[in-house]
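Coordinates in review
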Amino acid sequence: MSFLQKVRVTDIRNLVSVTLSPSPSINILYGSNGSGKTSFLEAVHLLGTTRSFRSSKVKPVIRQSQEACTVFGLVKGRESVFSLGVSRSLDASCKIHINGEPCRLSSDLASILPLQVINPDTFRLLEGTPKDRRQFLDWGVFHVEHRFLPAWKRAYKSMKQRNALLRHGKMSDSLMDVWDAELSQSGEEIDNYRRRYFEALKPVFENTLECLSGITDIQISYSRGWDKESSLRDVLKRSYRRDVEAGYTQWGPHRADIKLRYQGLAAVDTLSRGQQKAVVCALKLAQGKLFSDSKPFGCVYLVDDLPSELDQEHRSRLCKMFEDMNAQVFITCVDKGSLGQVWSAESEVKMFHVEHGVLIEDSRAEQTSAETTLMDAG
């Protein structure tokens, strides 16, 4: 497994300067709303992706009156330790360092520190747009198929060029043929990677969901984004006139989706909120398991407000799954009592109290309290 040995956060939201030496297993951050728990998870996400999972803009992430925020981390891999550093500035610039050397690609960070996020936004896998589900699917494909990212970049470029020609109105047929050919080739390649990954993910998801919630009749399917009986090249030719009228390419890998149904209807319309959380958690856990099976290390889980929408039984089952996966997990909650007693004696659990942007490990907090009591008595 890979895990964070040390994290240092500077000027992210209300976190002025925080240094943490987490457990390689379970880490629970508890405290009142607004104390900084989620901000710490956000900092770890920034370290692994250069982005926040709470905002598409960088300004809200940087502490007020500051020009930049920084996250530093030591990641213990199977055979080596990586030093990662990410800095974001108000002008939206980003600096990445890996082992002290500047780096341009955030994908290099993702390869070293693969992250899975489970938070209220995870419900988008059911109630969100196809784009949300494509991003989920592509995270998994990216991490198991090194040829996926180059193919995705070629498809994006050809799609952009083709749409520009469609909007232009007058165009050369030969030029359109060039981009049709490139989009068809890269799009079919992407579909092959996605389909192969989905076929591996589906049984793992179904088994995980059954263990977590007992639900056995969820139907999950993959749609590639165009007629399954035709090649993408043929579909592009047939839809050319309609694409001109619309001003964009209507079919292709950018229309791919994952569909989840329960008892013949859309799962989001038939499942309770608790059941929905079980489904999206099972999707994330299944993806993490599949990742671990394909790599000599696992991903790091960031779980925001775990007790929300889950009763005690399902909470305990989910925590047991985290333990069995042997993954590093960061979990936030308001009351530590909701999670403090669900772990086995074998798990290395660290608990951190978060208050006003300050994180204190429980053992240290208890020691400080005892010292204060002695001083008061004296």
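Note that the structure is a prediction, hence the values are computed from the model and not measured. (Residues numbered from 1 in each chain as written. Predicted model: local features only at pLDDT ≥ 70, side-chain atom pairs only at ≥ 80, totals over all residues. Heavy atoms only, no water.)

**Quick word on the pattern of salt bridges**
- In the structure shown here, the tally under the stated rule is 20 salt bridges.
- Here Glu313 ties to Arg317 by a salt bridge, and the two come within 2.5 Å at their closest N and O atoms. Linking Glu313 with Arg317, this pair stays in helix α11 (residues 312-325), spanning 4 residues, or about one helical turn.
- For Arg317, a relative accessible area of 29% puts it in the partly exposed group. (Salt bridge = Lys/Arg side-chain N within 4 Å of Asp/Glu carboxyl O. Helix = DSSP H or I, 4+ residues; strand = E, 2+ residues; numbered from the N terminus. Buried < 20%, exposed > 50% of the residue type's maximum accessible area, 1.4 Å probe, protein only.)

**Considering the nonpolar core**
- Phe205, Ile218, Leu260 and Tyr301 are the most contacted members of the largest nonpolar core, which has 66 residues in total.
- In contact with Tyr301, not counting residues within four places along its chain, are Gln116, Ile118, Lys284, Leu285, Gly288, Phe322, Met325, Ala327, Gln328, Val329 and Phe330.
- Among the nonpolar cores identified, the runner-up in size contains 37 residues, and Leu4, Val71, Leu113 and Leu359 belong to it. (Core = buried A, V, L, I, M, F, W, Y, C linked by side-chain atoms within 4.5 Å. Contact = heavy atoms within 4.5 Å.)

**Some thoughts on the packing of aromatic side chains**
- Under the counting rule described, the total for this entry stands at 5 aromatic pairs.
- When the ring of Phe40 is compared with that of Phe330, the centres are 6.0 Å apart and the planes differ by 50 degrees; the resulting orientation is tilted. With Phe40 in helix α1 (residues 37-49) and Phe330 in strand β13 (residues 329-333), this pair connects stretches of sequence that are 290 residues apart. Judged on exposure class, the residue Phe40 and its partner Phe330 are both buried.
- Arranged with centres 6.0 Å apart and planes meeting at 35 degrees, the rings of Phe198 and Tyr222 form a pair that is tilted. Of this pair, Phe198 sits in helix α6 (residues 173-213) while Tyr222 sits in strand β9 (residues 218-223); the two residues are 24 residues apart in sequence, bridging distant segments of the chain. (Phe/Tyr/Trp six-rings, centres within 6.5 Å; stacked < 30°, edge-to-face > 60°.)

**Considerations on the pairing of strand β2 (residues 15-20)**
- When strand β1 (residues 3-12) meets β2, the two strands line up antiparallel, connected through 5 bridges. Within β2, the position partnered with Arg8 by the bridge is Thr19.
- Connecting β1 to the next strand, β2, in antiparallel fashion are 2 residues, including Arg13 with a positive phi near 50 degrees. (Pairing = 2+ DSSP bridges.)

**A closer look at the sheet that holds strand β10 (residues 257-262)**
- If you trace the 3 strands from one edge of the open sheet to the other, you get β9-β10-β11, paired in antiparallel fashion. The open sheet has two edge strands with one neighbour each: β9 and β11 (265-266).
- Note that β10 and β11 share 2 bridges and pair antiparallel. Bridge pairing in β11 links Arg261 to Ala266.
- Contacts from helix α4 (residues 130-144) reach β9 and β10, with the element oriented near 105 degrees to β10.
- In the packing of α6 onto the sheet, the strands contacted are β9 and β10, and the crossing angle to β9 comes to about 170 degrees. (Axes fitted to C-alpha atoms, helices over the stretch in contact; angles between N-to-C directions.)

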